[in-house]
Amino acid sequence: MSDPRTELAAAGARLAALGLSPGSSGNLSVRIDDHILITPTGADLAHVDPDGLSVLAADGTHLDGPRPSKEFPLHSAFYRRDPATRAVVHLHARHATAVSCLAPWSARSAVPPLTPYFVMRVGQAPLLPYAPPGDAGQAEDLARLPFPFHAALLQNHGPVLAGPTMARAVDAAVELEEVSALLLALGERSPRLLTPGEAGALASAYGSPWGEH
């Protein structure tokens, strides 16, 4: 079994290499039993020290390491929503952040079903109303949304995604950035979207949240 600390550092390096975590933006976390490891505040994801992570209890108590990212409440909200969640990725990726500044496609997803892989790997991604970074109220709003999702866009801020593994969460983040780039490239055109039946069939086959799935 791979070391979660090393896996988190490798994920940060991959996201930074792809240009999805400019400067010291973004933060990653993994859950191990009743503890959560998260990148410290101001961390450069290109150079995460596996031995320099913040360690917190599930309730947010700081147990060890440097001061944790102020975005911890968002991570905690995803862990509380789904016991199967083992990793959370929050980025300021350019295209997904741009889409977070636009009106959402629907109440359940800021992004429409443009591609099969968006539905398969990400699923519906609601837009949460603007709040300052680290706002605990926004995290509680995310935790209480009454429909399934593993990704969200924070208005005028960027994406946050959860997964059963760090690899799955990172893959979802990459896919959300790609579909966001496509959406922006289409501009004012009216693209063909997957039909409700097509999107629903993919959601059922791949276990992703879409519509009632």
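The following paragraphs examine the structure supplied in this document.

Rules behind the numbers
Residues numbered from 1 in each chain as written. Predicted model: local features only at pLDDT ≥ 70, side-chain atom pairs only at ≥ 80, totals over all residues. Heavy atoms only, no water. Helix = DSSP H or I, 4+ residues; strand = E, 2+ residues; numbered from the N terminus. Contact = heavy atoms within 4.5 Å. Polar contact = N/O pair within 3.5 Å; in protein donor to acceptor, adjacent residues only side chain to side chain. Pairing = 2+ DSSP bridges. Axes fitted to C-alpha atoms, helices over the stretch in contact; angles between N-to-C directions. Salt bridge = Lys/Arg side-chain N within 4 Å of Asp/Glu carboxyl O. Buried < 20%, exposed > 50% of the residue type's maximum accessible area, 1.4 Å probe, protein only.

Considerations on the environment of Thr97
For step 1, the next point in the chain: By the element assignment, Thr97 lies in helix α3 (residues 94-100).
For step 2, the next point in the chain: Residues Thr97 and His157 lie 60 residues apart in sequence; the distance between their C-alpha atoms is 5.8 Å.
For step 3, the next point in the chain: Leaving out residues up to four positions away in the same chain, Thr97 has contacts with His92, His157, Gly158 and Pro159.
For step 4, the next point in the chain: A distance of 3.5 Å separates a polar side-chain atom of Thr97 from the backbone oxygen of His157.

Topic: the sheet that holds strand β3 (residues 54-57)
For step 1, the next point in the chain: Overall, mixed pairing links the eight strands, which are arranged β4-β3-β2-β1-β5-β8-β7-β6 in an open sheet. The sheet is open, and its two borders are formed by β4 (62-64) and β6 (127-128), each paired with just one other strand.
For step 2, the next point in the chain: Sheet strands in contact with helix α1 (residues 4-17) are β1 (27-32), β2 (35-38), β3 and β5 (87-90), and its direction is about 155° off that of β1.

Section: the pattern of salt bridges
For step 1, the next point in the chain: Taken as a whole and judged by the stated rule, the model has six salt bridges.
For step 2, the next point in the chain: Measuring nitrogen to oxygen at the nearest pair gives 2.8 Å for the salt bridge that ties Glu140 to Arg80. A residue pair is termed long-range when its members are at least 10 positions apart, and Glu140 in helix α5 (residues 136-144) and Arg80 in helix α2 (residues 72-81) qualify at 60 residues.
For step 3, the next point in the chain: Owing to a relative accessible area of 45%, Arg80 belongs among the partly exposed residues under this scheme.
For step 4, the next point in the chain: It is possible to trace a salt-bridge network through shared partners that takes in Arg80, Glu140, Asp141 and Arg144.

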